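# Structure assessment
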2 protein chains.
Amino acid sequence: KMFGALGKNGINVVAIAQGSSEYNLSVVIEKSHIAKALNSLHEAFFLSGTKALNIFLVGLGLIGSTLLKQMKKTAKFLEENRSLRIYVTAIADTKEMLFEDDILMNATEGKDLLKQSKSTEKMDMATFVEKMKGLDYAGSVFVDCTSSKEVVKHYPQILKSAISIVTPNKLANSGTMKEYKEVQKAAHNHGVKFLYETNVGAGLPVIGALKDLVNSGDDILKIEAILSGTLSFIFNHFKSGVRFVDIVKQAKEKGFTEPDPRDDLSGMDVARKILILARETGLSIELEDIEIEQILPKSCEKAKSVEDFFKALEDENAYFDSMLKNAESQGKVLRFIASLENGKAKISLQSVDNQHPFYSLSGSDNIISFTTERYKERPLVVKGPGAGAEVTAAGVFAEIIGINGNLG
Amino acid sequence: KMFGALGKNGINVVAIAQGSSEYNLSVVIEKSHIAKALNSLHEAFFLSGTKALNIFLVGLGLIGSTLLKQMKKTAKFLEENRSLRIYVTAIADTKEMLFEDDILMNATEGKDLLKQSKSTEKMDMATFVEKMKGLDYAGSVFVDCTSSKEVVKHYPQILKSAISIVTPNKLANSGTMKEYKEVQKAAHNHGVKFLYETNVGAGLPVIGALKDLVNSGDDILKIEAILSGTLSFIFNHFKSGVRFVDIVKQAKEKGFTEPDPRDDLSGMDVARKILILARETGLSIELEDIEIEQILPKSCEKAKSVEDFFKALEDENAYFDSMLKNAESQGKVLRFIASLENGKAKISLQSVDNQHPFYSLSGSDNIISFTTERYKERPLVVKGPGAGAEVTAAGVFAEIIGINGNLG
């Protein structure tokens, strides 16, 4: 152990201790040498074998439990081929938490780890964070697979404890600019990572691609995107001969929508996503600044129950049908598009022709198109499934193992 | 400075020196403590300010000089917003090399840095590497913007000196498996990075996306791709009423083709790219293992000059025309597609219908489609310009600054 403090010129080391022996000394490790020391240690560390990651996972819903499954399946491959050892050191749902040395080892499919273990404690987020900090493991990564605002409140403190965070939870990035900046700064100032690729498009390479464009000095001229699998499905299937209400029903039956489909159709989830992309370009922007075109007539919005909503949607069939006919008469299709241009973010229902890259979208795919100074004539486009437990968990997993450039 | 050696249990430190003072001691920094020390140093380093990268750039052609311009333009932004300082410490073309403390500072557009400087020396790759190693700067990155096999020969040695490499040069990854493994292993064993995202699709997020899929344990079922901007342009514009020879001429006039367009039409460049993707999936595969369908009739291949080639292409018009008519009669278009499936890589001219994601490709875009166990119903697709100095340099630049997870 080294004892010392950070001084003006570098680290002042005053003592080195090993076991019960202690050596007093007075050495300044100059700033310029720290980088070299780092390099040497890095190398020594690598030569001596495998790197380790210690995962603290909160949230054992569909994404969290899928992530555990994927880690269990891939752990051996990563250790043997990538010299990376994954320890899951803590897991928690809303009720219970478990701290154990190597939870993954004991994880078998279909087994409720929390219920099986005798060491399980009552979950309390503050206690969880204290325990995690107390362990002070190298390579600690806090993984938030909840959609809880309560968990997000602890982010700044976790980052300040030099623990990185990986999360699909959009709330930290789509709150106020003040909250957003606090988390981003905490990560930056403490040299740890705050990673959230899965906030937009799940496992698709969207935020990483945008970061690369911005950091390499490109100018983002326009972002256009379809960022909701639900709304993608609905409008990709809304063709003449089909009633709008029937497609919404079908989407609900397939489990694509929220329990109340209006939570998708309101565009709020999409607004949070374009907000996150907008902030990534350097814009200081709030959720309220985003213009959202309401696609539902008032009668559908007012309906009290989900049942009443579907009834209202049926009654408004002529409204949706005329929108569709209008588009089709011009050889166009309807697409619910989020866009960012000239510092202005908006979400609107647009008619696009067959020259538009979103014309041929199908299934429930997400699509994101970046038009930049360097991709000016033709945009950089990413397309594919942008929701689902498997691809979301995989995106979280990829960020965990790639943290600090662990993998090439 | 610390003196010591790597022992069985960790690093044996025998002395610490500061200026002319030296303190002898005997401490073992245990392996388990190294990770923690690393973390503390990391934090101290971050708190104390800005990280630095030292770039050693070989190759000042279109990509290399564009990269310098982009770095010059973006350096201030990176320092102020990302706490990252870029030093270009050496540059070289085939004739001369220059080692200077901060070359970027003096770089102004249109100025020939090598000719202007008095410190320029005769370029010699072995000397360049020795000088770079001698400087032993932290955060050293060797950037190869040549397409030279000679430079690639030095990669293992550079990586073994704990210097990372970033390059658009495909030769290291598309040589023999033996050469490929030697470079990959050198990087892995010495804890440094060998990065080559721009080998395929220039600045498009292709190799990174594939690495994330593989590392997170997804199974790659199929890759389909159009990996040549030239061949993309040619077949996207080959429609009834247009002669094949005229499109190839147009592509040449636009500067899209090699001096001899047969170097594009042979499919060899595409073969190198699908080879690199195939190896990224874990396949042990050689360039010769890739089946390339020849699209040119023998008469075109045999033609001695480029002029004769165009003459032969004109004479074979009926051949190309019948291929096109055959496809169009089925409502299909022709696409030159590289694919990987069941461990077999091949490149062939295919007729695809409007259900295929490559049907609506236009301009000279590249497109890459990954079908995996997790992206099974619908693939993950990346599309956009896959060639050009600006987007290639930007891709190289993004990898340089993102190295070791420097940026979020």
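Whatever comes next refers back to the structure up there.
Notes on the structure in this doc start here. Not measured: the values here are computed from a predicted model. (Residues numbered from 1 in each chain as written. Chains lettered and ligands numbered in written order. Predicted model: local features only at pLDDT ≥ 70, side-chain atom pairs only at ≥ 80, totals over all residues. Heavy atoms only, no water.)

### Description of the nonpolar core
Basically, it comes down to this: Throughout this description, the term nonpolar core refers to a set of buried Ala, Val, Leu, Ile, Met, Phe, Trp, Tyr and Cys residues connected via side-chain atoms within 4.5 Å. We call a residue buried when its accessible area falls under 20% of the maximum for its residue type, exposed when it is over 50%, and partly exposed in between, using a 1.4 Å probe and counting protein chains only. We call two residues in contact when some of their heavy atoms are within 4.5 Å.
Judged by nonpolar contacts, the single largest core of 172 residues is most densely connected at A:Phe128, A:Phe142, B:Phe128 and B:Phe142. Apart from residues lying up to four places away in sequence, A:Phe142 is in contact with A:Phe56, A:Val58, A:Met125, A:Phe128, A:Met132, A:Val151, A:Tyr155, A:Ile158, A:Ile163, A:Ser164, A:Ile165 and A:Val166.

### Describing the packing of aromatic side chains
Residues and elements named next belong to chain A. Operational definition: Pairing of aromatic side chains here covers Phe, Tyr and the six-membered ring of Trp, requires ring centres within 6.5 Å, and sorts the geometry by plane angle: under 30 degrees stacked, over 60 edge-to-face, intermediate tilted. Helix and strand definitions follow DSSP, with helices as H or I runs of at least four residues and strands as E runs of at least two, each counted in order from the N terminus. When the NZ atom of lysine or the CZ atom of arginine is within 6 Å of a ring's centre and also within 35 degrees of its normal, the charge is said to sit over that ring.
Under the defined criterion, the tally for this structure stands at 24 aromatic pairs over all chains. Judged by centre distance (6.1 Å) and plane angle (70°), the rings of Phe128 and Phe142 are edge-to-face. You can see Phe128 sitting in helix 5 (residues 125-135) and its partner Phe142 sitting in strand 8 (residues 140-144), a full 14 residues away along the chain. In terms of burial, Phe128 and Phe142 fall into one category: buried. Taking the centre distance of 4.9 Å and the plane angle of 45° together, the rings of Phe194 and Tyr196 count as tilted. Residue classification places Tyr196 among the buried positions, given a relative accessible area of 1%. Grouped by ring-pair contacts, the aromatic residues Phe235, Phe238, Phe244, Tyr319, Phe320 and Phe336 constitute a single cluster. Here the basic side chain of Arg279 rests over the ring of Tyr180, its NZ or CZ set 4.9 Å away from the ring centre.

### Details of the sheet that holds strand 4 (residues 51-58) of chain A
Either a parallel or an antiparallel arrangement is found when strands of a sheet pair, and the pairing is made through backbone hydrogen bonds. All names here are of chain A. Stated formally: Strands are labelled as partners when DSSP assigns at least two bridges between them.
In space, the seven strands of this open sheet follow the order 7-6-5-4-8-9-10, with mixed pairing throughout. Of all strands in the sheet, those with a lone pairing partner are strand 7 (121-122) and strand 10 (194-195), marking the two edges. As paired strands, strand 6 (residues 96-99) and strand 7 are joined by two bridges and run antiparallel to one another. Looking at the pairing, Glu96 lines up with Lys122 of strand 7.

### Section: the environment of B:Asn106
Along the polypeptide, B:Asn106 turns up in helix 3 (residues 103-106). With relative accessibility at 35%, the residue B:Asn106 sits in the partly exposed group.

### With respect to the side chain of B:Thr146
Where we set the bar: We call two N or O atoms a polar contact when they sit within 3.5 Å, provided that within protein one can donate a hydrogen and the other can accept it, with sequence-adjacent residues counted only if both atoms are side-chain atoms.
Mapped onto the secondary structure, B:Thr146 falls in the loop between strand 8 (140-144) and helix 6 (149-152). Of note is the side chain of B:Thr146, whose polar atom sits 2.6 Å from the side chain of B:Asp144.

### Section: helix 2 (residues 62-82) of chain A
Residue and element names in this part refer to chain A. Put simply, the test is: The angle between axes fitted to the seven-residue stretch ending at a residue and the seven-residue stretch beginning at it gives the bend at that residue.
Helix geometry: helix 2 is bent most strongly at Thr74, by close to 45°. Listing the buried residues of helix 2 in full gives Gly64, Thr66, Leu67, Leu68, Gln70, Met71, Thr74, Ala75 and Leu78. Following helix 2 by one or two positions, Ser83 has its phi on the positive side, about 50°.

### Some points on the pairing of strand 14 (residues 344-352) of chain A
Residue and element names in this part refer to chain A. The pairing of strand 12 (residues 291-292) with strand 14 spans two bridges and is parallel. By the bridge assignment for strand 14, Glu291 is matched with Lys346. Note: strand 13 (residues 333-341) against strand 14, nine bridges, orientation antiparallel. Paired with Ser339 across the bridge in strand 14 is Lys346.

### With respect to the pattern of salt bridges
Rules: Take a side-chain nitrogen of Lys or Arg and a carboxyl oxygen of Asp or Glu: if they are within 4 Å of each other, that pair is a salt bridge.
Scanning the entire structure with this criterion turns up 37 salt bridges over all chains. Two residues, B:Arg378 and A:Asp365, come together in a salt bridge whose shortest N-O distance is 2.9 Å. Linking B:Arg378 in the loop between strand 15 (365-372) and strand 16 (380-385) with A:Asp365 in strand 15 (residues 365-372), this pair reaches from one chain into another. Since its relative accessible area comes to 25%, B:Arg378 is described here as partly exposed. Notably, a salt bridge pairs B:Glu314 with B:Arg243, separated by 3.4 Å at the nearest N-O pair. You can see B:Glu314 sitting in helix 15 (residues 306-315) and its partner B:Arg243 sitting in the loop between helix 10 (229-236) and helix 11 (244-253), a full 71 residues away along the chain. Residue classification places B:Glu314 among the partly exposed positions, given a relative accessible area of 32%. Members of the salt-bridge network, linked through shared partners, are A:Glu79, A:Arg85 and A:Asp102.

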